[in-house]
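Inside the fold
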Amino acid sequence: LVDAGIHVVFATIRPRAIDGPYAWPEGNVRWTKWHEVNDWIRAYANEKDGVTLWDPVPALGDVANGHPERFKPGMSEDGVHLAGLGGYESAK
């Protein structure tokens, strides 16, 4: 792909809220799949030449409190879409 000038970017699934109108409530199967899918995306991107990984989870997720799947405060106003700070942090 690189020889053809094609750049492939894999992105992990961003965190979500656990409460509010757009939340994935705790216990929802999407939470377990979230971890599995993100782990697969990271592994695949790291083993393939020419694939770039964009992983906003460390910047957006509540990693310090052990909940990378949840937004840390200030990253989203509605629990799904990025707030100004969230957009800034995810683009770093």
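Below, the structure is looked at part by part. A quick note: this is a predicted structure, and the numbers were derived from the prediction, not measured. (Residues numbered from 1 in each chain as written. Predicted model: local features only at pLDDT ≥ 70, side-chain atom pairs only at ≥ 80, totals over all residues. Heavy atoms only, no water.)

The number of helices and strands found in the protein chain is three helices and four strands. Counting helices and strands in the order they occur from the N terminus, the protein chain gives β-α-β-α-β-β-α. Counting over 92 residues, the protein chain shows a buried share of 32%. Per element, the accessible surface of the protein chain, about 5900 Å² overall, is 55% carbon and sulfur. (Helix = DSSP H or I, 4+ residues; strand = E, 2+ residues; numbered from the N terminus. Buried < 20%, exposed > 50% of the residue type's maximum accessible area, 1.4 Å probe, protein only. Areas by Shrake-Rupley, 256 points an atom, 1.4 Å probe, with all protein chains shown as cover.)

A word on the pattern of salt bridges. Evaluated as defined, the whole model comprises four salt bridges. The salt bridge involving Arg 70 is made with Glu 69; its shortest N-O contact spans 3.9 Å. Each of Asp 39, Arg 42 and Asp 55 takes part in one network of salt bridges that share partners. (Salt bridge = Lys/Arg side-chain N within 4 Å of Asp/Glu carboxyl O.)

What follows concerns the side chain of Arg 70. Among the secondary structure elements, Arg 70 is positioned in strand β4 (residues 67-71). Setting aside residues no more than four positions away along its own chain, Arg 70 makes contact with Pro 15, Arg 16, Ile 18, Glu 26, Leu 60, Gly 61 and Asp 62. (Contact = heavy atoms within 4.5 Å.)

Moving on, we come to the pairing of strand β2 (residues 51-54). As paired elements, strand β1 (residues 8-11) and β2 share four bridges and run parallel to each other. Residue pairing in the sheet places Phe 10 in a bridge with Leu 53 of β2. Viewed along the sheet, the connection from β1 through helix α1 (residues 29-47) into β2 turns out right-handed. (Pairing = 2+ DSSP bridges. Right-handed = clockwise from strand over helix to strand, strands pointing away.)

In this section: the environment of Gly 61. Inspection of the secondary structure puts Gly 61 in strand β3 (residues 61-62). Separated by 49 residues in the primary sequence, Gly 61 and Thr 12 have C-alpha atoms spaced 12 Å apart. Apart from residues no more than four positions distant in its own chain, Gly 61 is found in contact with Pro 15, Pro 56, His 67, Pro 68, Arg 70 and Lys 72.

Attention shifts here to the packing of aromatic side chains. The final tally for this structure, using the stated rule, is three aromatic pairs. Between Phe 10 and Tyr 44, the ring centres sit 5.2 Å apart and the planes meet at 20°, which makes this aromatic pair stacked. On the criterion of sequence distance, the pair formed by Phe 10 in strand β1 and Tyr 44 in helix α1 is long-range, its members being 34 residues apart. Residue Tyr 44 is classed as partly exposed on the basis of its relative accessible area, which comes to 27%. Pairing Trp 40 with Tyr 44 gives two aromatic rings, centres 5.0 Å apart and planes at 20°, and the pair type is stacked. Taken together, the positions of Trp 40 and Tyr 44, both in helix α1 and four residues apart, correspond to about one turn of that helix. Taken together through their ring pairs, the aromatic side chains of Phe 10, Trp 40 and Tyr 44 make up a single cluster. (Phe/Tyr/Trp six-rings, centres within 6.5 Å; stacked < 30°, edge-to-face > 60°.)

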